[in-house]
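What follows is the residue order along each chain.
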Amino acid sequence: MEVAYLYSKPRSEFGKPCNFANGETTVLESILPTKDYDKDYVDKKSCEVCISTIPSMSESYVNTENVATTNSSIFHTEGGWPKDVDMTEQTDLARFRKKAEKDESYLCAMRSLAPIVERCMKQNYTTDLYEQYFEKDDVFDRCSEPLSAKGLAVFRDPSSIKRTATSIDWHPEMSTSRIAVSYSILKFQDERLNSPSLPMSSYIWDITNSNKPYIELLPQSPLCCLRFNPKSTDILVGGCYNGLITCFDLRKPDATTGSCLPIETSITDNSHHDPVSDVYWISSKTGHQCVSVSTDGKMMWWDTRKLSEPLDSMILYNDVNHGGVNVGGCSLEYNSEAGPMKYLVGTELGTVVSVNLRNRKVNNGISVSEDTIGKKHLGPIYSIQRNPIHNKFFITIGDWTAKIWNEDFKSPIITTNYHENYLTGGCWSPVRAGVFYTITATGSLNVWDFNHRQNESVLSYNIGRIPLTSISAQGNPQVASNLLAVGDEDGTVSLLELCKSLSHPQKDEKVNILNMFDRETRKEKHLEARERELKRANASKNQESTVENEKYDDDAILREIEEKFRKLLESETEEKSS
């Protein structure tokens, strides 16, 4: 069936028809501009409005209070047996197991679980999820990532009075991540030393818990240095502010407070008379001997089982041949791999004292570096350490420079450029032969990589504004680690994580650094030989010259002085213009 509809509309509803025609241009109206109506209107400037449909977000930081956490343990004993079964009788247990294995529900459960367990065991057998495909490739390419360091944790001194973190020592076992930190006030005549509530304690921290110390050490006087025993890691030795040597045993804490008290302490009359600068465990059959050095100019050897008197002592001099003056020791280095009878001491005068007890008949076994400007430090040597891979070479850090030495020479073979800020310490990387760290009085950490660049540091990391006082790196040449602990003047220890480029050995680095050190050693040897030749030549000239030298008249002397002064002014003006 077809449906149709007819729509009709009259012509009048369509509007008038358009009739276009050409004609002359006519002006209907002309209105000229006038200012008569300006007072009735206000000029409105154009404005721009930006509208965004993206929801607005805000970001804020909030410092929350530290939450103190404690570790607790649970002792679980065997249980869950029925009352009529004695778990101490094996026959009763076997009878109950046989009865349970015959139960129908047990058999159904085993039938449903057995295929699942079998499938999982086959998967683990075919694919090892923890397989190390590149385990033997321990060389890391430096160019694969940018150099960086980041903070992991901060350990603050719990005492109310701010003290300096004077030394940091890592636990010898890599599996035990603990650090021993000694706290003291080293500023001379500081007002805090007169406070009756001055804390004496130092702490051992677990790096996994920065809220609370692992254990507290309570000596008679604040500790200036503290070290773990590498053979018996539960025993520590420390040097006190009053010059005493004290020994702790972590296995014997106090029953009431839980703190660790000294098991042995030296006598005042037989100890140092200044704060102990550093202490080291030395190689011995018993593993209980140590050596200490102080700013009183003495070096003492001890047996921690009997600290009533030292085993031996030595006075340090700056000039062995002519007696010289007694010099105080600021830092100490001992490495049994370099020699069980060799010691290195950094002094207050910026010189290095080398002690070899095997040659004690000659100058008491003491050898002193050259005491001349340019070859010694301009201030105390705060850190001295042998290269952990090439033990013949060592580094000293003081004033604004770091110097690398060969133990066979009395002058440095390499000297870094002067830093902008005063250096307060440093150490070698335990894994990489050409990397060492320096800390400054402005709170920054500088990383040097001689395998990459020798004229400047490769990384500068700002830790804070407080002067840094101590630094220690975890690891050894056999086991790599990327952790670095740095202490400051307020007693805060910052735990840093270094990138793999700085904490893993690189290809041919060991050989390249050794060749560099040997090349600089040969260069220094030639310079010393040339200097000796010039000295002999000058001495012979002085002997040949007669007593009556030519006398210059006063006018010639004045002209010479004026010429030198004119050249000096010209050089200064040229420097200012450049």
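No experiment lies behind these values; they were computed from the predicted model shown.

1. Quick look at the environment of Leu357
Positionally, Leu357 belongs in the loop between β16 (352-356) and β17 (366-368). Judged by its relative accessible area of 17%, Leu357 is buried. Remark: the alpha-carbon pair of Leu357 and Tyr343, spanning 14 residues in sequence, is separated by 8.6 Å. In this structure, Leu357 is in contact with Trp301, Met314, Met341 and Tyr343, ignoring residues within four places of it in sequence.

2. Points about the nonpolar core
Tyr437, Leu445, Val447, Ile471, Leu484, Val486 and Leu502 are the most contacted members of the largest nonpolar core, which has 19 residues in total. If you list the elements that add at least two residues to this core, you get β23 (435-440), β24 (444-449), β26 (468-473), β27 (483-488) and β28 (493-498). Judged by nonpolar contacts, the second largest core, of 18 residues, contains Met299, Val327, Leu357 and Ile366.

3. Here we look at unusual backbone geometry
Of note, Asp399 is a non-glycine position whose phi angle comes to about 40°, a positive value. Mapped onto the elements, Asp399 comes out in the loop between β19 (393-398) and β20 (401-406). Judged by relative accessible area, Asp399 falls into the buried class, the value being 1%. The phi dihedral of Asp508 falls on the positive side, at around 60°, and the residue is not glycine.

4. As for empty space enclosed by the protein
This structure, assessed with the given rule, holds one cavity of 30 Å³ or more. The space that makes up the largest cavity amounts to roughly 40 Å³. Taken together, Ser429, Pro430, Val431, Tyr437, Ala473, Gln474, Ser481, Leu483, Leu498, Leu502 and Ser503 make up the full set of residues lining the largest cavity. Residues that form the lining of the largest cavity fall into these classes: seven nonpolar, four polar and no charged.

5. A short note on the sheet that holds strand β3 (residues 178-184)
Strands pair in a sheet through their backbones, by hydrogen bonds, and they do so in one of two ways: parallel or antiparallel. Judged by pairing direction, the sheet is antiparallel, and its four strands sit side by side in the order β2-β3-β4-β5 without closing on themselves. Taken across any chain shown, the strands that pair with only one partner, and hence form the sheet edges, are β2 (164-170) and β5 (215-217). Pairs of neighbouring strands in the sheet enclose a mean axial angle of 25°, with direction left out of account. Inspection of the sheet shows β3 paired to strand β4 (residues 202-206) by four bridges, in the antiparallel sense. Among the inter-strand pairings, Arg178 is bridged to a residue of β4, identified as Asp206.

6. Let's talk about the side chain of Asp303
Tracing the backbone shows Asp303 in strand β12 (residues 298-303). Residue classification places Asp303 among the buried residues on the basis of a relative accessible area of 12%. The contact partners of Asp303, leaving out residues within four places of it in the chain, are His288, Gln289 and Leu311.

7. Let's talk about a positive patch on the surface
On the surface, a cluster of positive charge is contributed by Arg519, Arg522, Lys523 and Lys525. Structurally, Lys525 can be placed in helix α4 (residues 509-544). By relative accessible area, Lys525 is classed as partly exposed at 46%.

8. Structural notes on the pairing of strand β14 (residues 329-333)
Along β14, five of the five residues are buried, which leaves the element largely enclosed by surrounding structure. In terms of strand pairing, β14 meets strand β15 (residues 342-347) through four bridges, oriented antiparallel. What sits directly across from Ser331, in β15, is Gly346.

Conventions and cut-offs
- Residues numbered from 1 in each chain as written.
- Predicted model: local features only at pLDDT ≥ 70, side-chain atom pairs only at ≥ 80, totals over all residues.
- Heavy atoms only, no water.
- Helix = DSSP H or I, 4+ residues; strand = E, 2+ residues; numbered from the N terminus.
- Buried < 20%, exposed > 50% of the residue type's maximum accessible area, 1.4 Å probe, protein only.
- Contact = heavy atoms within 4.5 Å.
- Core = buried A, V, L, I, M, F, W, Y, C linked by side-chain atoms within 4.5 Å.
- 1 Å grid on protein atoms, 1.4 Å probe; cavity = no way out; pocket = protein on both sides within 12 Å on 5 of 7 lines; lining within 4 Å.
- Points joined across faces, edges and corners; volume = space filled by probe spheres on them.
- Nonpolar A, V, L, I, M, F, W, Y, C, P; charged D, E, K, R; others polar.
- Pairing = 2+ DSSP bridges.
- Axes fitted to C-alpha atoms, helices over the stretch in contact; angles between N-to-C directions.
- Patch = residues over 30% accessible without salt bridge, like charges linked within 9 Å, V, L, I, M, F, W, Y side chains within 5 Å.
- Areas by Shrake-Rupley, 256 points an atom, 1.4 Å probe, with all protein chains shown as cover.
- Salt bridge = Lys/Arg side-chain N within 4 Å of Asp/Glu carboxyl O.
- Lys, Arg positive; Asp, Glu negative; His and termini not counted.
- Charge placed at Lys NZ, Arg CZ, Asp CG, Glu CD.

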